[in-house]
Amino acid sequence: MNSLARFLNKIKKDYLFYFSKLTNRALVAPDMLQIMITTKCNLKCQICDVWSQKFNNELTTAGVKNLIDQALKMGIETIYFTGGEALLRPDIFELINYASRPQSTTTLNTNGSLVTKDMAQKIFSSNLDSISFSIDSVSPQIHNAIRGEQVFEKAIKGIKYLQNLKKENGQRKNSRKQKLDINIASVIIKPNKKELFSLAMLARDLECNTISFQPIVYNGNLLKSADLISEYSIDSEDIADLKESFNQLQKISDKDFIVFLMPEKTIQYFQKQKRVNTCFAGFNRIFINPQGDISFVCFESFGNIKKDLLKKAWQSKKANTLRGKTKKCTVNCTQFCSERPTSETLRAIHLNLAHKIKNQSRLFKRIKNKLKKTS
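Here is a short report on the structure shown in this document. (Residues numbered from 1 in each chain as written. Predicted model: local features only at pLDDT ≥ 70, side-chain atom pairs only at ≥ 80, totals over all residues. Heavy atoms only, no water.)

**A word on the overall build of the protein**
- Along the protein, the regular secondary structure elements total 15 helices and nine strands.
- Considering the protein as a whole, with its 375 residues, one finds that 53% of them fall into the buried category.
- In the protein, the proportion of contacts linking residues at least 24 apart, taken out of those at least 6 apart, comes to 74%.
- For the protein, the exposed surface amounts to about 18500 Å²; the carbon and sulfur share of it is 51%. (Helix = DSSP H or I, 4+ residues; strand = E, 2+ residues; numbered from the N terminus. Buried < 20%, exposed > 50% of the residue type's maximum accessible area, 1.4 Å probe, protein only. Contact = heavy atoms within 4.5 Å. Areas by Shrake-Rupley, 256 points an atom, 1.4 Å probe, with all protein chains shown as cover.)

**Some words on the pairing of strand β5 (residues 181-188)**
- Within β5, six of the eight residues are buried, leaving the element largely enclosed by the surrounding structure.
- Two elements, strand β4 (residues 130-134) and β5, share five bridges in a ladder whose sense is parallel. Bridging across to β5, I131 finds its partner in I182.
- In the classification by handedness, the crossover that spans β5, the intervening helix α7 (residues 196-205) and the parallel strand β6 (residues 210-215) is right-handed. (Pairing = 2+ DSSP bridges. Right-handed = clockwise from strand over helix to strand, strands pointing away.)

**Examining the environment of M74**
- Among the secondary structure elements, M74 is positioned in helix α2 (residues 61-74).
- Note on M74: relative accessible area 16%, which makes it buried.
- Taking the C-alpha atoms as reference, M74 lies 6.7 Å from K311; in sequence the two are 237 residues apart.
- Beyond its immediate sequence surroundings of up to four residues, M74 is in contact with A29, P30, I286, L310, K311 and W314.

**Describing the packing of α7 against helix α9 (residues 239-249)**
- Where α7 contacts α9, the two axes come as close as 8 Å, and the packing angle between them is 30°. Of the possible angle classes, the one that applies to α7 and α9 is roughly parallel. Taking contact as the criterion, the partners of L196, F197 and A200 in α7 are, on α9, L242, S245, F246, Q248 and L249.
- Grouping the constituent residues of the contact of α7 with α9 by class yields six nonpolar, two polar and no charged. (Axes fitted to C-alpha atoms, helices over the stretch in contact; angles between N-to-C directions. Parallel < 35°, antiparallel > 145°, perpendicular 65-115°, else oblique. Nonpolar A, V, L, I, M, F, W, Y, C, P; charged D, E, K, R; others polar.)

**Quick word on the nonpolar core**
- Counting residues in hydrophobic clusters, the biggest one holds 84 residues, and the most contacted among them are I79, F81, I123 and L162.
- Excluding anything up to four places from it in sequence, I123 contacts L87, F93, V115, L128, I131, L162, R172 and L180. (Core = buried A, V, L, I, M, F, W, Y, C linked by side-chain atoms within 4.5 Å.)

**Quick notes on the side chain of N352**
- When you line up the elements, N352 lands in helix α14 (residues 346-359).
- Owing to a relative accessible area of 14%, N352 belongs among the buried residues under this scheme.

**Quick notes on the pattern of salt bridges**
- In this structure the tally under the stated criterion is 18 salt bridges.
- Of the charged contacts in the structure, one is a salt bridge between D235 and K190, with a shortest N-O distance of 2.9 Å. Residue D235 is located in the loop between α8 (222-225) and α9, and its partner K190 is located in the loop between β5 and α7; the two are separated by 45 residues in the primary sequence.
- Via salt bridges that share partners, K13, D14, D31, E77 and R340 belong to a single interconnected network. (Salt bridge = Lys/Arg side-chain N within 4 Å of Asp/Glu carboxyl O.)

If you want it as structure tokens, here you go:
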């Protein structure tokens, strides 16, 4: 697909997502397929309970490949492998390489503790496009108290191993994908409320491409989390510190280092405010758990990939009913699957279109010439 076709396809998708939400129907394939490849994990983090969840009959290698085939055929562009700890799956690189196509992006998140020098080489030699390391504090003591002994040190070493491989090789060998983005993902909690800027500086010093910040979700349940209390929760007296951290963060994002953040929503979330939100979870992401249940991450499943076709389930009446529930949901969602700012309103679409045209003058001239020829 050439640059003009890609440009027009992106604008088309912005409109289709807007009208999907307006009509409560899936008029376009979601942006992402998120596969919880396993709940197995080598850690027992204090801010996560996925490791305690038990699923019977995890999807087989053949089952995941069939799922990937269906997703790519639908037009889904990003395949996101998560866990548990995704690197514990013996077939993870086979699956990554299988999902890697010219039109697709593969991404994975990890706690980083398993990224030894040998593991880093396997990651680098695979067709993975992007990897995110969980780092919640610039203090090894704080991070390790949450995630486990020496986890901070191992994760930082893992990032450095991958960065060294990028520098030493210039480009990746034995891989269809030349570029590997290395990122940090941080959970916003009471112990790190004043060090979010420092975390971003750490990510930049490590030459990461991005850092993303998301508030803690208690017990893995977003829909109930606002009513639960945790020692890691941001309280009312912490809000001022958090706002100051956000002000600092918003000044450092640029084209070479991006900070993903939802400051307004995050503050409202910790203040336990309820409102009808602009959630796109029922439209831009499909979530599959280890036993194959199909859902919108937060709500109940509307099928299972072991017996249902992905596209048919995605367009089913039950899925549409659940989309209605997402539109009425009053939880102030702070998960990135809820975000699609370029499709929220027609004005947002048109502003994004104008911005893209302004930044791509050559492309605009080509579009203009095309329109002249057809008029």
